[in-house]
Amino acid sequence: APSQVRGDRLALEVRVVPAALRVGENALRLLLRDENGEPVTGARIDAAVRMHGMGAMPAMGGAASVSELGEGRYQADFGLDMAGTWQVEITAQAPNGESLRAEGSLAVGTEGVRLRVAGAAAGPEAATAPSAPRDASPAAFSFPAERLQKIGVRTTRAELRPLARSVRASARVAFDESALVDVSPRVAGWIESLAVAAPGDPVTRGQTLFTLYSPELYAVQLEYQQALASRARAATSARPERADALVRAAERRLALLGIAQVEIAALAKRSEPFEALPIRAPASGVVIEKNAVLGAAVNAGDRLLRIAPADRVWLEASIAEGDLALVREGASVRVTLASGDGELLAGRVVRIAPQFAAESRTATARIALEATSVALRPGGWASVEFNAAAGEGLVVPSGAVLRAGERSFVFVALGGGRFEPREVALGFEMRDAVEIRSGLSAGEEVVSEGTYLIASESRLRAALEQW
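Report follows, based on the coordinates. (Residues numbered from 1 in each chain as written. Predicted model: local features only at pLDDT ≥ 70, side-chain atom pairs only at ≥ 80, totals over all residues. Heavy atoms only, no water.)

**Some details on unusual backbone geometry**
Phase 1: In this structure, Pro18 follows Val17 across a cis peptide bond, with omega equal to -5 degrees.
Phase 2: The backbone of Glu71 shows a phi angle near 60 degrees, a positive value even though the residue is not glycine.
Phase 3: In this fold, Glu71 is placed in the loop between β6 (65–70) and β7 (73–80). (Helix = DSSP H or I, 4+ residues; strand = E, 2+ residues; numbered from the N terminus.)

Below, the structure is given as C-alpha cells:
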C-alpha cells in the first residue's frame, strides 16, 4: 500500500518500486492531487534520499532524478549504496504556487516508505507507513492508570538515530612479531657452554648466551693477531702504515662473523686466540624458542634462540565472516583480559588478515594496545569489543521487545491507558537498544519498562474472558 501525506491544499501519495527496497537502483512513484482530489500536472518535484555521515563513514546519497509521467504522476529514481535506513525528503510545488513538503525514511529490505508532513510532530497520527496503521487492532487492550503506575510501566518514543553495532570476539595475546630477534651463528662449530636453560628465561642485551668453538673463528682470530704483530714491526720501519690495512680487514672480518667489539678488544691484548668465543644477546627480552643444547654441533644460519621483547605484545582476534564488514583498520577496541580483574583496556585495529581460516571461517584482526600497567602474558586470552557504525535506523530500548520464538513484538501505547501488541522485524542489536526494521514508525510510543508484566496480565485477562 502507498504512503500518503496531506497538506492544506495538496495531497501526496508515494509508492516504492520495487516494493521491498534493495541495494542498487530504486524508484519512488508519486501521485500529486489538489484539495479537490484532481491530479496536479506540471508541478515541480524535488526528492532526495540520504544517509548522514557517522564517524569515519561519509554522508551518502543525494538528489533523486525526477521525471513527470502524466496525470499527476511523477517518478523519482535513486540508488542505495548500502543496507540500512535512509532519510527521504520530498518537496512538491504546484503551478499555482501551493507547496507540500514531506520527510521520512525507508530501509533496505523493508516494504514501503514512512512519511509525514515536514515539521509535523511525529507520532501514530502522523506516521503513514503501511506497517503501522492508525487504527488500533482488535488485539488492543487497556489498563487503569493506577494499575500501570503500580506495576511500573514506562514508555519511550521510537526514534531515528545512528546505529552502532557491537561486534564481540575472542583474542589471543601474542608477542609483537615485528620485534622478534633470532640468534643464529654465522659459522659452523660446537656449543661449549650454554647460559640459557629453557624457553621463558629473561635475557638482557649484551649478555652471553653461549660460547662457540669454531675452527673458522679460530683461524680468523689468528689472522687478526698476525696482522697486529705485522703492524707492530712496521712501526719502526720507513713505512709504518703499511700493515694498517691488514689489521682493519681482519678486524672487519671478525665483526662480520658476529664477534662483539669487546671480544675483539680483548683478543688484541692476548698472545693466543680464544678457543671458544661468546655469542651475546642482540636485544633484551624473553627467550621464546630454544634449539641449542650443550655440546651440539651447529651450522651457519641455524636458528638456535628466538628472543621476544617482554613489553611489546598485541592481540590476535578471530572475527566471524559475517561481522568482518563491520570491522575496519584503525577502529577502536575495548579489551577485557580473561586473567585480569575486569579492567578495560583500549586498543586499535592495525591490520586485518586478507584471508579466512579454512576451518573456522574467521579472519584475524591484529590489535595494538595502548600503554597499560597490566602485565600481559602471551598465550593468554581476552575478550574484545568493536563498535561499528551501521547507518541510521529506528531504535527502541532492548527492554521494549518481547520475543516469542522467531517472532518479536512491542506494545504500542495508544494513549488513555490503551496498548496494542505489534509484531516487528528486528535489525541491528546494540548494547541497550535494538533497531526496528518494520512494524513501527518514528515517534510512536512503546512500553520500555514493564513489558513482561503487561504481556502476562493481558494474557491472563484474555484467558479469564474465555473461561
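**Section: the sheet that holds strand β1 (residues 3–6)**
Phase 1: If you walk across this open sheet you meet the five strands as β1-β2-β3-β7-β6, and the pairing is antiparallel. Edge positions in the open sheet fall to β1 and β6, since each of these has one partner strand only. Sheet twist, expressed as the mean angle between neighbouring strand axes with direction ignored, is 25 degrees.
Phase 2: Of the strand pairs in this sheet, strand β3 (residues 24–34) and β7 are connected by eight bridges, and their pairing is antiparallel. Looking across to β7, one finds that Leu30 is bridged to Tyr74. (Pairing = 2+ DSSP bridges. Axes fitted to C-alpha atoms, helices over the stretch in contact; angles between N-to-C directions.)

**Concerning helix α3 (residues 244–256)**
Phase 1: Taking 1.5 Å per residue, 13 residues should reach 18 Å; α3 reaches 18 Å between its end C-alpha atoms and fits that length.
Phase 2: Among all positions in α3, only Val247, Ala250 and Leu254 are buried. Buried residues of α3, seen end-on, are gathered within an arc of 70 degrees and therefore sit on one face of the element. Seen from the buried face of α3, the exposed residues on the opposite side, beyond 90 degrees, are Arg248 and Arg252.
Phase 3: Looking at the buried positions of α3, the neighbouring elements they touch are α2 (215–234) and α4 (261–268).
Phase 4: Taken from the residues just after α3, Gly258 is the one with a positive phi, measuring 95 degrees. (Expected span 1.5 Å × (residues − 1). Buried < 20%, exposed > 50% of the residue type's maximum accessible area, 1.4 Å probe, protein only. Arc of directions from axis to C-beta. Contact = heavy atoms within 4.5 Å.)

**Let's talk about the pairing of β6**
Phase 1: As paired elements, β6 and β7 share five bridges and run antiparallel to each other. Pairing of Glu68 across the sheet is with Tyr74, part of β7.
Phase 2: Counted between consecutive antiparallel strands, the loop separating β6 from β7 contains two residues, among which Glu71 sits at a positive phi close to 60 degrees.

**Concerning the pairing of strand β22 (residues 313–320)**
Phase 1: Here β22 lies mainly inside the structure; six of its eight residues are buried.
Phase 2: Inspection of the sheet shows β22 paired to strand β25 (residues 362–369) by seven bridges, in the antiparallel sense. Looking at β25, one finds that Trp314 is bridged to Ala368.

**Here's the deal with the pattern of salt bridges**
Phase 1: Applying the stated criterion across every chain, the model contains 19 salt bridges.
Phase 2: For Glu316, the salt bridge is made with Arg172, and the minimal N-O distance between the two is 2.8 Å. With Glu316 in strand β22 and Arg172 in strand β13 (residues 159–175), this pair connects stretches of sequence that are 144 residues apart.
Phase 3: Note that Arg303 and Glu289 form a salt bridge whose closest N and O atoms lie 2.8 Å from each other. (Salt bridge = Lys/Arg side-chain N within 4 Å of Asp/Glu carboxyl O.)

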